[in-house]
Amino acid sequence: MSRLNNLSNRFAQPIQLRENWSATISDYVIDLAWSPDGRYIAAASVLGPVTIFEGRRRTVIDAFRGHEFGTMSIAWRPDSKVLASAGQDGKIRLWDMTSGRATHSLDGGAAWVEHLAWSGGKKPILASAAGRKLKLWNAVGDLVREYPDHQSTISGFQWKPRVGQLASIAYGGVTLWDPQQSEAIRRLEWQGSSLVIAWSPDGKYIATGDQDSTVHFWIMSTGDDLQMSGYPTKVRELSWDATSRYLATGGGQEVVMWDCSGRGPANTDPIMLSGHQDFLSVVRFQHRGKLLASGGADGRVYVWQLRGSTRSLAVHEVALTAGVTSLVWSPNDQHIAVGDESGGVSVFSIS
Amino acid sequence: MNAMLNNQVPVTVLTGFLGSGKTTLLNRILTENHGKRIAVIENEFGEVGVDNDLVIGAEEEIFEMNNGCICCTVRGDLIRILGNLMKRRDKFDYIMVETTGLADPGPVAQTLFMDAEMTEKLQLDSVTTVVDAKHIWQHIDDSDEAREQIAFADVILLNKIDLVTEKELNQLEARIRGMNGAAKIYRTKDAVVEMDKILNVGGFDLDRAMEVDPQFMEPEYPFEWAGLYNLSAGTHELVLQEGPDPTMKVALAPVNESTDEALKAAVEPVVMVFSDDEHELSAGGALQPGGQLIELNLTADELRFDVQIDRSGAYALFTEHHPDEFQAQLFGSGALVKPVVDREFKPDHEHDDEVTSVGITTPGDLHPDRLNDWIGNLLQTKGLDIFRMKGILSIKGQPNRFVFQGVHMLFDGRPDRPWGGEPRYNSLIFIGRNLDRTELTEGFEACLA
């Protein structure tokens with residue numbers, strides 16, 4: 001990868017990040033989720049408890065016990081009335097925001113339930129991954145489907161935007177699932193270990209970040225793949241911009257951005273965004289806008305603005321006291337919530 | 001740097017065949033009052049909290065990478081579990097990873113070296129292998145896993161010693177020592193061992209390894225055993241049973257008196273005898289004392305050899321293999337003659353063990369560039385065969401000792417404490433398959449500044 005751009009802080013900073021509030025939960029923030037209606041931020045501690053904050057101020061609305069031995073993942077039902085959580089007790093729980101109680105405790109199928117994701121649409125489906133077991137649940141916790149075991153532990157999955165298909169990753173490749181079907185509908189095989197998956201919003205690409213310090217692009221129309229190597233470490237950070245043109249990736253100190261316009265990213269040089277002093281832990285584009293936020297083990301958060309086709313610059317940076325572990329944009333793209341290694345939760349506004 | 005080191009959580013990889021006593025040892029570690037918070041990653045076990053400790057069940061998942069490199073083969077389940085454990089602020093003081101009985105320890109150890117997240121936060125403290133002293137013989141010859149578990153070990157517990165004789169133990173220890181010259185070996189019953197022999201032993205601490213094991217640097221001998229007999233004039237009979245080898249070289253030397261000193265004095269001359277051409281002797285033939293190397297042919301049905309003694313006195317019998325392997329016994333006038341004194345030697349042929357260790361100790365400073373080139377090239381070309389390597393190095397211009405350890409091609413090195421007034425030296429050991437001692441020694445010595 002060549003170094004095309006290193007433009008951090010070279011230009012005036014037209015946008016500022018302003019801290020709205022910050023709070024602390026019991027330990028390392030393992031997951032953060034902003035409710036789709038914008039009202040709540042749920043923060044899960046690696047120890048188990050899940051704290052529900054009001055999005056606009058640091059008021060604690062509720063505190064859920066979460067999971068014994070630790071919570072792994074949280075996800076809001078699209079109507080924002082239920083938070084699903086998964087953890088190391090093998091359970092998936094549905095927390096009702098009205099009563100503040102867990103209305104369901106579902107069996108994930110293995111000791112650790114690591115991943116959760118709601119599909120969109122009027123009848124949302126919750127996907128859960130525990131070990132090799134992929135299960136689908138309806139909005140009220142009824143089991144919809146239990147798929148045959150994956151060949152290896154499921155390391156992540158994502159619903160295809162707007163279409164009810166799910167792509168899961170495990171050692172050995174990507175598998176596509178349709179909730180209407182009892183078997184996998186497609187497999188994209190690769191002998192390696194993918195850590196994170198990101199489906200481009202237009203559905204044309206599935207990108208994976210991999211243990212062997214590479215990024216894969218799967219071209220969905222042909223099933224071909226491109227492998228991007230040269231990353232300093234394993235890639236756990238991926239994010240597509242809303243137009244499906246840019247894929248931002250981590251795997252080192254610099255944000256590496258691939259341009260998928262035209263003939264795609266093959267044989268192109270990515271845009272490199274320098275600034276972080278330690279490995280990145282999260283990169284995340286706005287839901288609709290062009291701003292990219294990145295967080296790193298150096299405890300810094302940068303917001304980058306894309307200008308034209310290749311020019312990007314950091315518009316602002318803030319420093320936390322501990323390494324960033326998670327970062328989410330508010331549904332209206334005006335705020336970011338950041339979680340850190342020592343349990344700090346901070347919310348910033350873009351102004 | 002030091003602050004970082006202190007943050008690293010030590011990890012013990014616990015290996016051993018099914019029934020060797022791994023679980024007994026684990027339970028002992030968990031129940032012993034050592035004041036440490038321990039996380040145990042076990043196979044096929046539900047997650048439970050035990051007081052302050054945590055036991056996590058893991059399903060062994062071997063990840064081989066696309067390039068097919070064995071050194072990139074890791075345990076996927078461990079990456080996830082260790083990654084999660086490292087997120088807790090209230091870190092565990094210690095992590096133990098138990099492997100399945102048939103596991104190759106390579107992928108487990110490699111997992112700890114594989115990426116920045118792992119090397120920053122975790123430190124391989126030791127590979128500890130529990131060996132069932134009675135039943136290991138069934139595996140040591142035909143199981144790659146058993147040999148690899150021994151070869152990878154920093155600490156070996158010879159367990160269940162109550163089920164075997166002292167002699168069998170000595171033999172076993174010699175055999176293991178031949179494969180892995182650096183491991184600390186403890187003999188245990190019911191896996192009873194002091195915790196500080198198992199926890200925080202620091203894979204880097206070669207100083208200690210050398211201290212407890214002088215035999216490590218001892219020269220190798222072409223024979224495994226010598227026994228001193230008082231023999232009266234006449235014909236005696238050496239009787240053997242079928243054993244692991246079709247032949248065995250022996251030499252019978254007259255010595256001055258029947259003492260340990262006399263036996264020791266005979267060692268060097270007999271080493272010379274063993275470098276001569278051998279004279280083959282078939283069953284029924286006669287063995288005479290003197291400066292001849294005799295190769296007994298052990299393929300007949302009846303393995304009896306006459307031993308002709310012209311003059312009564314003390315005689316030392318040196319044997320290529322341990323006589324117990326062939327149940328070799330000496331008879332005089334129909335009665336069993338036992339050795340007055342006997343001694344075992346570290347063999348240099350290691351049976352047919354291709355797994356050996358090569359230790360190099362030499363004073364002087366190393367040229368950093370030459371060292372880098374040599375190690376780089378070595379790991380690239382021989383990394384598959386080198387299971388473990390570790391050592392202390394004296395790098396020219398560096399006030400601190402440099403310590404390193406590696407698993408296959410993966411290498412982790414760092415500055416250690418200052419040399420201070422200590423004499424500077426280099427000490428390293430390679431454990432692996434088909435290692436070429438001369439090549440390794442010469443290659444290393446060429447790196448001296």
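So, how was this worked out
- Residues numbered from 1 in each chain as written.
- Chains lettered and ligands numbered in written order.
- Predicted model: local features only at pLDDT ≥ 70, side-chain atom pairs only at ≥ 80, totals over all residues.
- Heavy atoms only, no water.
- Helix = DSSP H or I, 4+ residues; strand = E, 2+ residues; numbered from the N terminus.
- Rg over C-alpha atoms; globule rule 2.2 N^0.38 Å.
- Buried < 20%, exposed > 50% of the residue type's maximum accessible area, 1.4 Å probe, protein only.
- Contact = heavy atoms within 4.5 Å.
- Areas by Shrake-Rupley, 256 points an atom, 1.4 Å probe, with all protein chains shown as cover.
- Lys, Arg positive; Asp, Glu negative; His and termini not counted.
- Charge placed at Lys NZ, Arg CZ, Asp CG, Glu CD.
- Buried area = accessible area lost by both parts, 1.4 Å probe.
- Salt bridge = Lys/Arg side-chain N within 4 Å of Asp/Glu carboxyl O.
- Polar contact = N/O pair within 3.5 Å; in protein donor to acceptor, adjacent residues only side chain to side chain.
- Domains from an automatic or database assignment.
- Pairing = 2+ DSSP bridges.
- Axes fitted to C-alpha atoms, helices over the stretch in contact; angles between N-to-C directions.
- Core = buried A, V, L, I, M, F, W, Y, C linked by side-chain atoms within 4.5 Å.

## As for the overall build of chain A
- When its secondary structure is counted, chain A shows zero helices and 32 strands.
- Computed over its C-alpha atoms, the radius of gyration of chain A comes to 19 Å, within 12% of the 20 Å expected for a compact globule of 351 residues.
- Taken along its principal axes, the extent of the C-alpha atoms in chain A is 50 × 50 × 35 Å.
- Split into buried and exposed, the 351 residues of chain A put 61% on the buried side.
- A sequence separation of at least 24 residues applies to 45% of the contacts in chain A between residues at least 6 apart.
- Roughly 13,600 Å² of accessible area belongs to chain A as shown, and the carbon and sulfur atoms make up 44% of that amount.
- Across chain A, 34 positive and 34 negative side-chain charges occur, with their mean positions spaced 6 Å apart.

## Overview of the interface of chain A and chain B
- Contact residues are listed per partner, giving 27 residues for chain A and 24 residues for chain B.
- A buried area of about 2,300 Å², summed over both sides, lies between chain A and chain B, and 47% of it is on carbon and sulfur atoms.
- In this structure, the salt-bridge partner of Arg132 of chain A is Glu61 of chain B, at a minimum N-O distance of 3.5 Å.
- Where chain A touches chain B, the interface holds 12 residue pairs in polar contact (both at pLDDT 80 or more).

## A short note on the domain arrangement of chain B
- Partitioning chain B into domains gives domain 1 (2-216), domain 2 (225-344) and domain 3 (355-445).
- Its C-alpha centre places domain 2 of chain B at a distance of 41 Å from the equivalent point of domain 3 of chain B.

## As for the sheet that holds strand β5 (residues 60-64) of chain A
All names here are of chain A.
- Spatially, four strands are ordered β2-β3-β4-β5 in an open sheet, and the strand pairing comes out antiparallel. Sheet topology places β2 (29-34) and β5 at the edges, where each strand pairs with a single neighbour. Here the average twist between neighbouring strands, direction ignored, is 15 degrees.
- As paired strands, strand β4 (residues 50-54) and β5 are joined by four bridges and run antiparallel to one another. Following the sheet pairing, Thr51 is matched in β5 by Ala63.

## Quick notes on the nonpolar core
Residues and elements named next belong to chain B.
- Of all hydrophobic cores here, the largest spans 57 residues; its most connected members are Ile41, Leu85, Ile95, Leu122 and Ile156.
- Counting residues per element, this core draws most heavily on helix α3 (residues 76-85), at five residues.
- Looking at this core, you find at least three residues from each of domain 1 (2-216) and domain 3 (355-445).
- Apart from residues no more than four positions distant in its own chain, Ile156 is found in contact with Thr129, Val131, Ile150, Ile176, Ala183, Lys184, Ile185 and Tyr186.
- Among the nonpolar cores identified, the runner-up in size contains 22 residues, and Met248, Val250, Leu296 and Val337 belong to it.

## Some thoughts on the pairing of strand β23 (residues 246-249) of chain A
All names here are of chain A.
- Burial along β23 is two-sided: the residues Tyr246 and Ala248 and Leu247 and Thr249 are all buried.
- Across three bridges, the pairing between strand β22 (residues 238-240) and β23 is antiparallel. Bridge pairing links Ser239 to Ala248 in β23.
- Count of turn residues in the β22/β23 antiparallel hairpin: five residues, of which Ser244 carries a positive phi of about 65 degrees.
- Relative to strand β24 (residues 255-259), β23 runs antiparallel, the two sharing four bridges.

## So, the sheet that holds strand β18 (residues 194-199) of chain A
Residues and elements named next belong to chain A.
- Read from one edge of the open sheet, four strands run β18-β19-β20-β21, paired in antiparallel fashion. Each edge of the open sheet is held by one strand with a lone partner, namely β18 and β21 (224-228). Across the sheet, the axes of successive neighbouring strands diverge by a mean angle of 20 degrees, strand direction being ignored.

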